[in-house]
Amino acid sequence: MKKHIAVDIGASSGRLVVGTYENGKIFLKEIYRFPNGIEERNDNYFWNIEKLIAEMINGLEAAKKEGINECTLGIDTWGVDYALIDVASNRIQEIYAYRDERTQSAIQNVKKQKSLKDIYKKIGIQFLSFNTLFQLYVHDKKELAKAHKILLVPDYLYYRLSSKLISEKTNASTTQLLNLETKDYDEELLQLIGVKREQFETLTEPGESLGPIKESIRKKYDIPQCEFICVATHDTASAVLGVPGTEKNFAYLCSGTWSLMGVENKSPIANEQSYNMNYTNEWGAYGTYRFLKNIMGLWLIQEVRRQLEKEYSFADLVTEAKKIKPFQFLIDCNDECFLKPENMVTEVQRYCQKSGQLVPQTAGELARCIFDSLALMYRKTLKELTLLNEYPIHSLHVVGGGVQNELLCQLTADVAEIPVIAGPIESTALGNIIVQMISCGELANLAEARKVIRESFPIKTYQPAPIHQLDEIDEQFTQLTSGTLGG
Ligand code: ADP
Ligand code: LRH
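Residues numbered from 1 in each chain as written. Chains lettered and ligands numbered in written order. Predicted model: local features only at pLDDT ≥ 70, side-chain atom pairs only at ≥ 80, totals over all residues.

Moving on: the overall build of the protein. Each helix and strand in the protein was counted, giving 19 helices and 20 strands. Computed over the C-alpha atoms, the radius of gyration of the protein is 22 Å, within 12% of the 23 Å expected from 2.2 N^0.38 for a compact globule of 487 residues. Across its three principal directions, the C-alpha atoms of the protein cover 65 × 55 × 45 Å. Split into buried and exposed, the 487 residues of the protein put 50% on the buried side. Across the protein, contacts joining residues at least 24 apart in sequence account for 75% of those joining residues at least 6 apart. (Helix = DSSP H or I, 4+ residues; strand = E, 2+ residues; numbered from the N terminus. Rg over C-alpha atoms; globule rule 2.2 N^0.38 Å. Buried ≥ 20, exposed ≤ 12 C-beta atoms within 10 Å, placed from the backbone. Contact = placed C-beta atoms within 7 Å.)

Shown next, in the form of structure tokens:
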């Protein structure tokens, strides 16, 4: 029985998960978990990449202690952020975190040089101020010129552990630099940001073998013999692969630091309407496209929790929220003001005050405000998805850490008026692992993998219950949310 390890690093935590396929079922076991988060230095925000690498090694040591001597290994992380390496393979700079303010005006500045609509038509990616396109646009040009290679975070982690240089396709699409026609980096946009095609590697498909872990690392630490496989390195791409959607016309909601809500398509939709509504077509594994919208997500509650004086667990905040009357305080969760405020508590309060509403004060009221607003945003997004796709959506699969928030799952079903199928929590690690299993020939394809996932993991269905005066609440929310994130 083959062992496969997923290294899955999200914005709030990372984990190493072992997966095996036995008697028609997939088994997962988490062997190591560590916190992640952005760090502030001199008014800029960065990821601590060396710490993440050290934690990956710690995780591999934990795997060896569990008795794993040989395994395949895949890495996924959040999208858009990058490392620059010079000819001698040294990292040139710290890795900026996408919430850094340096790109705040970048979309507006690019707009003075190029039509945003023309960019969208050929690239098909939603405008978010932090996309790699805009990060590289504002990046110091001298530093950029020194870069022998530009590697997105998971590509860089593969490089550090295996010496293989890749530009994995699913994550590369989050740069907003891939052309839907040529299926490669777009020359005109590369010129705009002052980057040469050779600075990016050739695009790599999920499923490709990348060889063993570096001998120097293997000798230094007590870790298994690892063979790298290129997975869908964008965490959202892996999360969507891990959705147990076997029925027709399902939508998904990857519920973590971000809420990524969308559908899986066989071809991109990059027209006037999808541009106006700012929907994205991220490239998936196995010829799929993730047609989705970024919603600010559980970042809002993570940040409120961080600011509260008393210590609350996420489960505590859910318990507190349940005690509060719903829909008294509403925010447009996708307002740019929530991307990286100094203090999320005061930002939410300011928003409610400015829009003439009651102001949430207690932990329960703040949490209630966030969960109600997210559920309403999910309703709005589902309606838009139905409109843009021209087919009805019958069910919503929720995956990721947010599955543990039963209040939000039920609220989503009630507000969006759709059955919510919740689970698995670790769909990202699972998506990472099924690419390894398909690559090793244990599973035939994605359709088979999804069937197996459905049979291997418990899922809970939340049936929608009616909400009193939903139309009025929806109307009030619609008035708040006329703009979209980054649009
Ligand atoms: P990411 O991969 O983006 O770091 P995760 O998918 O791990 O995020 O999800 C983290 C989120 O899951 C937390 O921000 C929190 O809101 C939610 N969560 C985790 N545990 C619980 C819990 N016990 N109850 C309710 N929500 C939870
Ligand atoms: C989720 C995610 C999302 C990106 C954002 C940067 O972790 O990868 O898909 O838009 O982080």
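After that view of the structure, there is still more to cover.
The next thing to look at is the site of ligand 1. The immediate surroundings of ligand 1 are formed by 17 residues, with Gly 10, Ser 12, Gly 256, Thr 257 and Gly 401 found nearest. Broken down by secondary-structure element, the contributors of at least two residues to the shell around ligand 1 are helix 12 (299–307) and helix 13 (314–322). Examining the composition of the shell around ligand 1, we find that three residues originate from one element, helix 13, more than from any other. Here the shell around ligand 1 is built from residues that sort into six nonpolar, eleven polar and no charged. Of the residues that make up the shell around ligand 1, three or more belong to each of domain 1 (4–235) and domain 2 (245–423 + 457–487). (Near = placed C-beta within 6 Å. Nonpolar A, V, L, I, M, F, W, Y, C, P; charged D, E, K, R; others polar. Domains from an automatic or database assignment.)

This paragraph deals with the site of ligand 2. Every one of the 13 residues lining ligand 2 counts as a neighbour, but Trp 78, Gly 79, Asp 235, Thr 236 and Trp 258 are closest to it. Each of domain 1 (4–235) and domain 2 (245–423 + 457–487) contributes no fewer than three residues to the shell around ligand 2.

Let us look at the sheet that holds strand 6 (residues 70–77). What the six strands build is an open sheet, ordered 3-2-1-6-13-12; its pairing is mixed. A strand with exactly one partner marks an edge of an open sheet, and here the two such strands are strand 3 (25–35) and strand 12 (209–212). Looking at each pair of strands side by side, their axes are set apart by 25° on average, direction ignored. In the packing of helix 1 (residues 49–65) onto the sheet, the strands contacted are strand 1 (4–9), strand 2 (13–22), strand 3 and strand 6, and the crossing angle to strand 3 comes to about 130°. Taken strand by strand, helix 6 (residues 153–162) contacts strand 6, strand 12 and strand 13 (225–229), and its axis lies near 150° from that of strand 6. (Pairing = 2+ DSSP bridges. Axes fitted to C-alpha atoms, helices over the stretch in contact; angles between N-to-C directions.)

It is worth spelling out the UniProt feature "binding site: substrate" (unreviewed entry) in the protein at this point. Here the UniProt feature "binding site: substrate" (unreviewed entry) sits at Gly 79, His 234, Asp 235, Thr 236 and Asn 294. Across 216 residues of sequence, these annotated residues stay compact in space, with a maximum C-alpha separation of 13.9 Å. As for its placement among the helices and strands, Gly 79 is situated in the loop between strand 6 and strand 7 (82–85). Judged by the 27 C-beta atoms lying within 10 Å of it, Gly 79 falls in the buried class. The residues contacting Gly 79, other than those within four sequence positions of it, are Asn 171, Thr 174, His 234 and Thr 236. Secondary-structure assignment places Asp 235 in helix 10 (residues 235–241). Accessibility expressed as a C-beta count within 10 Å gives 30 for Asp 235, which makes it buried. If we ignore the near neighbours within four places in the chain, the residues touching Asp 235 are Asp 8, Gly 10, Asp 76, Thr 77, Trp 78 and Thr 428. (UniProt positions renumbered as here; feature names shortened; annotations may be inferred.)

Okay, the UniProt feature "domain: Carbohydrate kinase FGGY N-terminal" (unreviewed entry) in the protein next. Mapped onto this numbering, the UniProt entry gives "domain: Carbohydrate kinase FGGY N-terminal" (unreviewed entry) at residues 5–242. Within the segment residues 5–242, helix and strand shares are 34% and 27% respectively, and the terminal C-alpha atoms sit 15 Å apart.

Before going further, it helps to spend a moment on the pairing of strand 13. Sheet analysis places strand 6 next to strand 13, joined by four bridges and oriented parallel. By the bridge assignment for strand 13, Cys 71 is matched with Cys 226. Relative to strand 13, strand 12 runs antiparallel, the two sharing three bridges. Paired with Pro 212 across the bridge in strand 13 is Glu 227.

Per the domain assignment, the segments of the protein are domain 1 (4–235) and domain 2 (245–423 + 457–487). On a C-alpha basis, the centroid separation for the pair domain 1 and domain 2 is 26 Å. Each partner contributes to the interface: domain 1 provides 24 residues, whereas domain 2 provides 21 residues. Among the elements of the structure, helix 3 (116–123) and helix 7 (169–172) are those that each provide at least two residues to the side of domain 1 that touches domain 2. For the side of domain 1 that touches domain 2, a count of residues per class yields ten nonpolar, nine polar and five charged.

Here we take up the sheet that holds strand 19 (residues 420–422). Neighbouring strands of a sheet are bound in pairs by backbone hydrogen bonds; such pairs are parallel or else antiparallel. The strand order across the open sheet built from seven strands is 16-17-15-14-18-19-20, with neighbouring strands paired in mixed fashion. Pairing within the sheet leaves two strands with one partner each, and these edge strands are strand 16 (280–283) and strand 20 (460–462). Between one strand and the next, the sheet's axes are offset by a mean angle of 30°, whatever the strand orientation. Note: strand 14 (residues 250–255) against strand 18 (residues 395–399), five bridges, orientation parallel. Considered in strand 18, the bridge of Phe 250 is made with Ser 395.

When you tally the buried positions in strand 2, you get seven out of ten residues, the bulk of the element. Taken together, the six bridges between strand 1 and strand 2 define a ladder with antiparallel strand orientation. Paired with Val 7 across the two strands is Leu 16, which belongs to strand 2. Taking the residues that link successive antiparallel strands as the turn, the strand 1-strand 2 hairpin has three residues.

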